[in-house]
Amino acid sequence: MISTNSFNNSRSTISGIPVHELAEQFGTPLYVYDLSVIEKRIDELSKFDVVRYAQKACGNLAILDRMRKRGVVVDAVSAGEIHRALLAGYSGDPSKAEIVYTADLFDRASLELAVEHALVVNCGSPDMISQLGELRPGAEITLRINPGFGHGHSQKTNTGGEQSKHGIWHTQIDDCLLRADQTGVTVTGLHMHIGSGTDLEHLSEVCDAMEKAAMTVGRTIHTISAGGGLPVPYRDDETYVDLDQYFDLWDAVRNRLSERFGHHISLEIEPGRFLAAESGYLIAEVRSVKRMGENLFALVDAGFNDLARPVMYGSYHPISVSAKSGDASERESVPVVVGGPLCESGDIFTQREGGYVDSRLLPAPRVGDYIVLENAGAYGFVMASNYNSKQRAAEVLIENGSAKLIRQRESFEDLTRGEMIPE
Ligand SMILES: *Cc1c(COP(=O)(O)O)cnc(C)c1O
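Residues numbered from 1 in each chain as written. Predicted model: local features only at pLDDT ≥ 70, side-chain atom pairs only at ≥ 80, totals over all residues. Heavy atoms only, no water.

### Some thoughts on the pairing of strand E6 (residues 99–103)
In terms of burial, E6 is largely enclosed, as five of its five residues are buried. Residue alternation in E6 divides its side chains into two sets, Ile99, Tyr101 and Ala103 and Val100 and Thr102, and both sets are buried. Pairing geometry for strand E5 (residues 73–76) and E6, over three bridges, is parallel. Looking at the pairing, Asp75 lines up with Val100 of E6. At this point the chain moves from E5, through helix H4 (residues 79–87), to the parallel E6, and the crossover so formed is right-handed. By the bridge criterion, four bridges tie E6 to strand E7 (residues 120–123) in an arrangement that is parallel. Note that in E7 the partner of Thr102 across the bridge is Asn122. Crossover handedness for the path E6 to helix H5 (residues 108–116) to E7: right-handed. (Buried < 20%, exposed > 50% of the residue type's maximum accessible area, 1.4 Å probe, protein only. Helix = DSSP H or I, 4+ residues; strand = E, 2+ residues; numbered from the N terminus. Pairing = 2+ DSSP bridges. Right-handed = clockwise from strand over helix to strand, strands pointing away.)

### Regarding the environment of Arg235
Examined against the element boundaries, Arg235 turns out to sit in the loop between strand E11 (223–225) and helix H9 (243–261). Ignoring anything within four residues of it in the chain, the contact list for Arg235 reads Phe7 and Tyr316. (Contact = heavy atoms within 4.5 Å.)

### With respect to a negative patch on the surface
A cluster of acidic side chains, namely Asp199, Glu201, Glu205 and Asp208, defines a negative patch on the protein surface. Relative to the assigned elements, Glu205 resides in helix H8 (residues 200–217). (Patch = residues over 30% accessible without salt bridge, like charges linked within 9 Å, V, L, I, M, F, W, Y side chains within 5 Å. Areas by Shrake-Rupley, 256 points an atom, 1.4 Å probe, with all protein chains shown as cover. Salt bridge = Lys/Arg side-chain N within 4 Å of Asp/Glu carboxyl O. Lys, Arg positive; Asp, Glu negative; His and termini not counted. Charge placed at Lys NZ, Arg CZ, Asp CG, Glu CD.)

### Side note on the packing of aromatic side chains
Geometry of an aromatic ring pair is reported as the spacing of the ring centres plus the angle between the planes. Scanning the entire structure with this criterion turns up seven aromatic pairs. Ring plane angle 90° and centroid distance 5.9 Å describe the contact between Tyr31 and Phe381, whose orientation is recorded as edge-to-face. In this pair, Tyr31 sits in strand E3 (residues 30–34) while Phe381 sits in the loop between strand E18 (370–373) and strand E19 (394–399), placing the two residues 350 residues apart along the sequence. Owing to a relative accessible area of 0%, Tyr31 belongs among the buried residues under this scheme. Summarising the aromatic geometry, the rings of Tyr240 and Phe274 are spaced 6.5 Å apart at their centres and angled 85° between planes, so their arrangement reads as edge-to-face. Taken together, the residues span a long stretch of sequence, with Tyr240 in the loop between E11 and H9 and Phe274 in helix H10 (residues 273–276) at a distance of 34 residues. For Tyr240, a relative accessible area of 6% gives the class buried. The ring of Phe274 is capped by Arg41, whose NZ or CZ atom sits 5.8 Å from the centre of that ring. When the ring centre of Tyr316 is taken as origin, the NZ or CZ atom of Arg360, which lies over that ring, is 3.8 Å away. (Phe/Tyr/Trp six-rings, centres within 6.5 Å; stacked < 30°, edge-to-face > 60°. Lys NZ or Arg CZ within 6 Å of the ring centre and 35° of its normal.)

### Thoughts on unusual backbone geometry
Here the amide bond leading from Thr28 into Pro29 is cis, since omega sits at -10°, within 30 degrees of zero. One can find Pro29 in the loop between helix H1 (19–26) and E3. Notably, Ala97 is not glycine yet its phi reads approximately 50°, a positive angle. Relative to the elements of secondary structure, Ala97 occurs in the loop between H4 and E6. Unusually for a residue other than glycine, Ala118 sits at a positive phi of about 50°. Among the structural elements, Ala118 can be located in the loop between H5 and E7.

### A word on the pattern of salt bridges
One pass over the structure, following the stated rule, counts 22 salt bridges. Put simply, Glu399 and Arg66 hold a salt bridge, and the shortest N to O gap is 2.6 Å. With Glu399 in strand E19 and Arg66 in helix H3 (residues 61–69), the pair connects residues that are 333 residues apart, well separated along the chain. Residue Glu399 is classed as buried on the basis of its relative accessible area, which comes to 11%. The exposure class of Arg66 is partly exposed, given its relative accessible area of 25%. With a closest N to O distance of 3.1 Å, Arg352 and Asp358 form a salt bridge. Salt bridges sharing common partners tie together Asp65, Arg66, Arg68, Lys69, Glu399 and Lys404.

Laid out in structure tokens, this is it:
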């Protein structure tokens, strides 16, 4: 399966519901998720034994609930994510491994919760093995291995190699097995997540490294995880990875290990972005259109407090205009710089890595129109902040043609919760 998306710069509906209706009913800025897209992506991964969602990409309880009902299990990278997974109905029963805690360290709260719920822990540093083993001798763990090289769409998303803080260095597996032995901990699985934006050539190196690492650990291994990093196209010229080839490469490793160890090895995949990105839209209202020399700015009521990827990574999101009335696609397209309301010159959605301001060809926007930032479902709302004392946006899920509120817009009370003025 290799296909490309083609993005339009105007849009009147999301999953059949008019954008202006969503905006009028729920207000802006507004995150909208189309459940059917998530379900389609889940189904595309059905060849894998286990699809483990990296909930950090988009962790709303309703989304986790719907994923759970479609057979997807979860990853938790913090105590808060363990709490969230339990609230969404995931079982803490270790024999089911519905929640795996995966991190490079235990803070005190996450160690406590992982022990209390006897979670399977995917250890990204040798210290985690000893810390867990002391409190839960006999625990089963998996090891996240850093194979010594990595890959990512940005230095900040590269998760392998010696500049990455992630995982256990590939030459230290023997040390880890010793540590595990000392507290009776068993290594039952291996994991490699080397970054977002996997390509197949690179993947075969990862597969080789996995096989080698598994041979070092030996036949206590029952699962291998391919990690996350499946790309989604954000631009017209970007593609999905060929999932059949991707699966075949991993399946071959799994089969060789199954044969060697004489038992079935379960093959997991751990996507975040792939399941969530394309389901999500951030709707913002155009509040000002102004010309600054050569540039036409459309200023909208969402900022990097709502969607941080452009300012953090220079990430590109498709942008479309939804006319307040009429059809934006009939307007002439003009170059537009799209910015938000924050008191920061970096609050620009159309920027390249390095902070260079770019423009986008969009149907000439008018005050009162809506701007839709697309492919915003992953690392969107979850990175939202209250900077400039902005309330975080509401979230809505579209399911079977109807839009349901899944998170209220924050209130002024939410903004100051927990603050106090000492006497
Ligand atoms: C972030 C993360 C993922 C998901 O990454 P995507 O690029 O969103 O698929 C998977 N596994 C681990 C351990 C992660 O930290």
